[in-house]
Amino acid sequence: MHDWFDFSGKVALVTGSSRGIGAGIITALAKSGARCIVNYVADPEGRNLADAQKVAGELDNALIIQCDVGDPAQVTEMMTRIKSERGGLEILVNNAGILRDRTLKKMSADEWESVLRVNLTGSFNCIQQAHGLLRAGGRIVNISSVAGQLGLFGQANYAASKAGIMALTKVAAREFARQQITVNSVAPGFIKTEIVRGMPEEVTKQFLSQIPLGHFGEIEDIVFPVLFLCSPHARYITGQVLHVNGGVYM
């Protein structure tokens, strides 16, 4: 990994990096030399903070910042702190996201709006407010989902938010190109995260039957494409959506 990816001295923010894919990405960036910022959102039980501290504890001089990315004021505070303590950013990975699945018929307005607010508006807030922090030649990677292409049952809110991220990626790529900042998206399929591991056995079998490669992906299967898009090797790639899903969407 170190031969291919050297992020020595680069400042990297990964939103929603207290666990799962986000934790995998921030850990890999740190192991490749990046100066990392671990982001979490406060919860009543304090689990997210504990997880963020555990992740940061394994990294070298990582900064931990609490921020609900769906709240513009909190994003402003986060970016102000990054500028003050790190001077700027080279890498922004918009990974924070939530699920609140329900059929269209039963979905409440709050269930719709809360998912859009965190997943899509949260990415917008971070991209917009990082504009003055991202140095020339920087990288933005937005984590989307195969749901944004397939429109999975019971995920009207989630699928719409992830499809929106794909469109946001293309617009941002055009607007940031003058500064040689690339903007791309990685769209995972079914990855072995806490959510997938908690699915009922029948649901798991149903999803597996739809994957041509016949198995769920590992977190590392998302981490390395993200590292590539953040690296100098991807300097001429922008506005693209990289699908990593075992063939479930082609």
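Residues numbered from 1 in each chain as written. Predicted model: local features only at pLDDT ≥ 70, side-chain atom pairs only at ≥ 80, totals over all residues. Heavy atoms only, no water.

## Details of the pairing of strand 4 (residues 89–94)
Judged by how many residues are buried, strand 4 sits mostly within the fold: six of six residues are covered. Bridge analysis of strand 1 (residues 11–14) against strand 4 gives three bridges, and the strand direction is parallel. By the bridge assignment, L13 is partnered in strand 4 with L92. Looking at chain direction, strand 4 and strand 5 (residues 134–143) are connected through five bridges and run parallel. (Buried < 20%, exposed > 50% of the residue type's maximum accessible area, 1.4 Å probe, protein only. Helix = DSSP H or I, 4+ residues; strand = E, 2+ residues; numbered from the N terminus. Pairing = 2+ DSSP bridges.)

## Side note on the side chain of S185
Following the sequence through the fold, S185 ends up in strand 6 (residues 182–188). At a separation of 2.8 Å, a polar atom in the side chain of S185 contacts the main-chain carbonyl oxygen of N142. (Polar contact = N/O pair within 3.5 Å; in protein donor to acceptor, adjacent residues only side chain to side chain.)

## Structural notes on the packing of aromatic side chains
Evaluation of the coordinates by the stated rule reveals three aromatic pairs. Here the aromatic rings of F5 and F7 are separated by 6.3 Å at their centres, their planes lie at 5°, and the arrangement is stacked. For the residue pair F5 and F7, the accessibility class agrees, reading buried in each case. Relative to F216, the ring of F190 has its centre 6.3 Å away and its plane inclined at 70°; by these criteria the two rings are edge-to-face. Pair noted here: F190 is in the loop between strand 6 and helix 7 (194–197) and F216 is in the loop between helix 8 (201–208) and helix 9 (219–230), with a separation of 26 residues, a long-range link. Both residues of the pair, F190 and F216, belong to the buried class. Ring pairing ties together the aromatic residues F190, F207 and F216, which thus form one cluster. (Phe/Tyr/Trp six-rings, centres within 6.5 Å; stacked < 30°, edge-to-face > 60°.)

## A closer look at the sheet that holds strand 6
Taking strand neighbours across the sheet as the criterion, the seven strands line up as 3-2-1-4-5-6-7 in an open arrangement whose pairing is parallel. Two strands bound the open sheet, and with one partner strand each, they are strand 3 (63–66) and strand 7 (241–244). Mean inter-strand twist for the sheet, computed between neighbouring axes without regard to direction, equals 20°. As paired elements, strand 1 and strand 2 (residues 35–40) share four bridges and run parallel to each other. By the bridge assignment, A12 is partnered in strand 2 with C36. Seen against the sheet, helix 6 (residues 156–176) touches strand 5, strand 6 and strand 7 and runs at an angle of roughly 160° to strand 6. Helix 9 rests against strand 4, strand 5, strand 6 and strand 7 of the sheet, and its axis sits at about 170° to strand 6. (Axes fitted to C-alpha atoms, helices over the stretch in contact; angles between N-to-C directions. Contact = heavy atoms within 4.5 Å.)

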